[in-house]
Amino acid sequence: MSPRGRPGLPAWRIALYAWCGLVFFFLMMPLVIVFPLSFSSSPYLQFPPPGWSLRWYVAYVNDTAWIDATLRSVKIAVSTTVLATVLGTMLAFGLVRGRYPGKALVNQVSLMPLIVPGIIYSIAAYSLFAQVKMIGDWRAIVLGHAVHAIPYVVIVVGAALRTYDEAYELAAMSLGAGRLRAIWRVTLPQIRPALVSAMFLAFISSFDELVVAMFLGGSNMTLPKKMFDNILNEIDPTIAAVSVLQVVLVSLLLVVVSRFGAGAKPVG
Amino acid sequence: MGAAPSTRDSTHSAAPETSGPGLAVTGVVRRFGAVVALGGVDLAVRRGELLTLLGPSGSGKTTLLKVIAGFEIPDQGSVFLGGQDVTFAAPAKRDIGMVFQNYALFPHMTIAQNIAFPLEMRKVSKAAIRERVDNALKQVDLPGYGERLPKQLSGGQQQRAALARAIVFGPSLLLLDEPFGALDRKLREQMQLEVRRLQQKLGLTAVFVTHDQEEALIMSDRIAVMEQGRIAQLGTPQDIYHHPANRFVAGFMGESNLMQARLTGPGTASVEGGASLRFAAGAVGPAGSAVGLLLRLERPRALKDGEAAANAFAGSVVEVIYLGETVKYRIRLDPGFEIVVRWPYRESGGSLKVGDRLRVGWDAADMQPVAWT
């Protein structure tokens, strides 16, 4: 009872809180377990850890296979981000601003990669890249990932463009800027939050991706593929250390996104 | 950006032989599918003149502005700026300053950066840009506001900043697209006069778009009233207010009594109820044809006993609308038709009430014939 004599929380509220707590617990569970595991002194995935050490982080840093896979994944994710953001933004402009026959069809096709099951897409991509002898080439994975990432960019940037008042761009053009310069100097800075979010989604969609990388990577492993193999073959807490590092990297990116993705700021 | 495939006549007409027109539009047609937004518009704006495109929404005034600015390419006809054919020129190449409805100040740039933008596009040196931006800010009475962001300015200040950005590069034409719509009434009146003063001081050729007839009367050297993609009438504010070309223009230019009548002779016509009215003579058609008679609200006067007028009727007050300095009365005249008058409060007084009897009269010159079609 509160001092004002209000009655206690009704039962449905308590049930709601309990339910939310449960959902939160299930979402956080893996993190709660993985973090301590990565600092374990035990050579096995044992919970709770018998002692504490940084040995699995050391093992990760000293294993060139892990570092190779990490660098390759970052390289692929960054390239995918650039490619998907540029192409997806152009596509979004075409879908929002353009008036041409068959636009609805283009719209549906551009979102198709979200619907097609990953395994089917991967097999198709495999047979395509096998024909041009690009299996094992990191650039093949970039192309494969970019197709997957473009729909995210189209959706996020398209939504921003739809609510964007084109008068700004027209104003820039009347003031002496060509269409491209008007877009570069006036439109893109104003939809920057959407661009940053789109880039983040594109990066994550590539950095986390396993199936396409499995089919197209050949012996050149990405980080998810290396983790997958590690779980199959030689389970040890290195995988927990890598997971923690992955979570930290994505969290850092999120901080950057919320810093630069916020509203427009003056330039210069 | 065309909505529909359009066929365009390739015939290029020569620039009209006006004495150095700032802007000339000849035979401009623009269709959107089956809709004719502009149905053959001819217009010449003299150097240093402010011309207003006045019309209701859908009359084509905004489409015409877009054609002039270069955001729309006409299906037929040409646009000349300072004698040069710019029909197909990109907006950036036209040297036109434009103030948009919501100002369109770039929110991610400071006011100074906004005003510097057109100069930067023209590759003006940094030092010169600084000086001209300062100068422009002074001209619109915003000195010291350069480092602020647009959202930190009030509506009126944003309006001034947008104006500064549109004139800083010395454009050959200034376009104003309903720029006062977002301001409250008092500020709007102040800005109207300020914009007008600045336009005259700098000798700018300007085209102003509005749907507000009062604004058009205050601002313009000349007014083009637009109706359904055509110019219904082009003339000075006095012309258009006192001698509207047709029923549409008369109805659009402020409140008035517009009566349908039938011509009975030179300068006379009969209205509903059979009363014969005398109006300012002018060739309007043969006897028996329909004509509109326009009587502004402030023209009729209350007649004293024994006072005569070309049109004089007894009647009774049906409705009183108090407007502050003036009062509007709806009066039913005995022959069987109604007129509305607006009289100063002091003269007609709060004395008149519904049901009061009085005599009302006006001269033949107070009543203009207007084509009824």
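Residues numbered from 1 in each chain as written. Chains lettered and ligands numbered in written order. Predicted model: local features only at pLDDT ≥ 70, side-chain atom pairs only at ≥ 80, totals over all residues. Heavy atoms only, no water.

### Overview of the sheet that holds strand β1 (residues 21-32) of chain B
Residue and element names in this part refer to chain B. Condition: By this definition, two strands are paired if DSSP reports at least two bridges between them. The way it works is that DSSP assigns letters per residue, a run of H or I at least four long becomes a helix, a run of E at least two long becomes a strand, and they are numbered from the N terminus.
Strand order in the open sheet made by the four strands is β2-β1-β4-β5, with antiparallel pairing throughout. What marks the edges here is a single partner per strand, and that holds for β2 (35-46) and β5 (84-85). By the bridge criterion, nine bridges tie β1 to β2 in an arrangement that is antiparallel. Its bridge partner being in β2, Arg31 is matched across the sheet by Val36.

### Looking at the interface of chain B and chain A
We apply this condition: Contacts were defined at the residue level, with two residues in contact if any of their heavy atoms lie within 4.5 Å. Defined here as a combined quantity, buried area equals the accessible surface (1.4 Å probe) lost by two parts on assembly, summed across both. Salt bridges, as used here, are contacts in which a Lys or Arg side-chain nitrogen is within 4 Å of a carboxyl oxygen on Asp or Glu. Within 3.5 Å is the distance limit for a polar contact, defined as a pair of N or O atoms, with the added protein rule that one can donate a hydrogen and the other accept it, and that residues adjacent in sequence qualify only through two side-chain atoms. Residues are grouped as follows: Ala, Val, Leu, Ile, Met, Phe, Trp, Tyr, Cys and Pro are nonpolar; Asp, Glu, Lys and Arg are charged; all remaining types, including Gly, are polar.
Tallying the contact residues gives 26 residues for chain B and 23 residues for chain A. Both sides together, the interface formed by chain B and chain A hides about 2200 Å², and carbon and sulfur atoms give 65% of it. The tally of links from chain B across to chain A stands at one salt bridge. In this structure, the salt-bridge partner of Glu120 of chain B is Arg185 of chain A, at a minimum N-O distance of 2.7 Å. Applying the counting rule to chain B against chain A returns four residue pairs in polar contact (both at pLDDT 80 or more). Sorting the residues of the side of chain B that touches chain A by element identifies β6 (96-99) and α2 (111-121) of chain B as the ones contributing at least two each. Considering each element in turn, the side of chain B that touches chain A owes the most residues, five residues, to α2 of chain B. The residue inventory of the side of chain B that touches chain A, partitioned by class, reads 18 nonpolar, four polar and four charged.

### Description of the packing of helix α3 (residues 64-97) of chain A against helix α4 (residues 103-111) of chain A
All names here are of chain A. The criterion, for reference: For every element, the axis is a line fit to its C-alpha atoms; helices are fit only across the contacting stretch, and the angle between N-to-C directions ranges from 0 to 180 degrees. Working rule for handedness: look at the near helix, and if it is turned counterclockwise from the far one by less than a right angle, call the crossing left-handed; if clockwise, right-handed.
It is the contact of α3 with α4, at a shortest axis distance of 10 Å, that shows an interaxial angle of 145°. The two elements α3 and α4 meet at a crossing, and its hand is left-handed. For the pair formed by α3 and α4, the contact residues are Leu91, Gly94, Leu95 and Val96 on the first element and Lys103, Val106, Asn107 and Ser110 on the second. Taken together, the residues of the contact of α3 with α4 sort by class into four nonpolar, three polar and one charged.

### As for the domain arrangement of chain B
Selection criterion: In this document the domain limits rely on a domain assignment from an automatic tool or a database.
Entries for chain B in the domain assignment read domain 1 (5-242) and domain 2 (255-370). On a C-alpha basis, the centres of domain 1 of chain B and domain 2 of chain B stand 40 Å from each other.

### A closer look at the nonpolar core
Residue and element names in this part refer to chain B. Operational definition: By convention a nonpolar core is built from buried Ala, Val, Leu, Ile, Met, Phe, Trp, Tyr and Cys residues, the set being connected through side-chain atoms within 4.5 Å. Throughout, exposure labels follow a simple rule: accessible area from a 1.4 Å probe, protein chains only, divided by the maximum for the residue type, with under 20% read as buried, over 50% as exposed, and the rest as partly exposed.
Judged by nonpolar contacts, the single largest core of 97 residues is most densely connected at Leu23, Leu43, Leu53, Leu64, Phe106, Phe117 and Leu175. Beyond its immediate sequence surroundings of up to four residues, Leu43 is in contact with Leu23, Ala24, Val25, Leu51, Leu53, Leu64, Ala224, Ile231 and Leu234. Of all hydrophobic cores here, the second largest spans 26 residues; its members include Leu263, Leu295, Tyr329 and Leu358.

### Some details on the pattern of salt bridges
A complete count under the given rule lists 26 salt bridges over all chains for this structure. Between Arg46 of chain B and Glu49 of chain B there is a salt bridge whose closest N-O contact spans 3.3 Å. Assessed through its relative accessible area of 45%, Arg46 of chain B is described here as partly exposed. The network of salt bridges with common partners includes Arg97, Glu166, Glu169 and Arg179 of chain A.

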